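As a plain string of letters, each chain reads:
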Amino acid sequence: AGDTFGDGVDSDCDDQDCEADSYDGTYFTQCVYADDWNVADLRALCRDTGYDGLATVRNDLENTFLAELSPTGAAFIVGGNDIASEGTWVWDSGEPFSYTNWAPGEPNNSGMGEHCLALHPPTHPGEWPYKWNDTFCTNSGPIHYACEHR
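Here is a short report on the structure shown in this document. Here the structure is a predicted model, which is why all the values come from computation and not from measurement.

Each helix and strand counted, the protein chain has two helices and ten strands in total. Taken from N to C terminus, the helices and strands of the protein chain fall in the order β-β-β-α-β-α-β-β-β-β-β-β. Taking 150 residues into account, the globule formula puts the C-alpha radius of gyration at 15 Å, and the protein chain, at 14 Å, falls close to it. On the principal axes, the C-alpha backbone points of the protein chain span a range of 40 × 30 × 30 Å. The burial tally for the protein chain puts 45% of its 150 residues in the buried class. In the form shown here, the protein chain has an accessible surface area of approximately 7000 Å², with 50% of it arising from carbon and sulfur atoms.

This part takes up the pairing of strand β1 (residues 19-23). Pairing of β1 with strand β2 (residues 26-33) involves five bridges; the strand directions are antiparallel. Each residue of the ladder has a partner; that of S22, found in β2, is Y27. The loop that links β1 with its antiparallel partner β2 comprises two residues; one of these, D24, has a positive phi angle of about 50 degrees.

Okay, the environment of A74 next. Within the secondary structure, A74 sits in the loop between α2 (60-69) and β5 (76-81). The spacing of A74 and W89 is 15 residues in sequence and 23 Å in space, taken between C-alpha atoms.

Conventions we followed
- Residues numbered from 1 in each chain as written.
- Predicted model: local features only at pLDDT ≥ 70, side-chain atom pairs only at ≥ 80, totals over all residues.
- Heavy atoms only, no water.
- Helix = DSSP H or I, 4+ residues; strand = E, 2+ residues; numbered from the N terminus.
- Rg over C-alpha atoms; globule rule 2.2 N^0.38 Å.
- Buried < 20%, exposed > 50% of the residue type's maximum accessible area, 1.4 Å probe, protein only.
- Areas by Shrake-Rupley, 256 points an atom, 1.4 Å probe, with all protein chains shown as cover.
- Pairing = 2+ DSSP bridges.

Quick look at the structure:
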């Protein structure tokens, strides 16, 4: 087991108090960033604390593992985006974007600015548990995000 969110103990020595655990050889962590943010901040937080970057979701089993790792039941940012070209989704890691799990009607680029990927936990209401949503890459207030070390 890895770190436990909210216990005040940094069990994995990454200078973060997050929820974290390993799955199939990859160490994932989910944290909360309390300030105004943009996706570049989140990428840097992952790298600066020893991770490869924001999480890549390779398959349904990883998707389920990550969704169930969520410590607070909030949606969280992973490393998928269509920043370079609307509708062409890529992973920050450079891995192929071959697995998807979009919620019904997503991605929809609502507001003409949703270019990052959020994964919803199993507690999300309606048709969205374990599903993906395109969301804004910058916002005010706290955000949850997932890092990985492969």
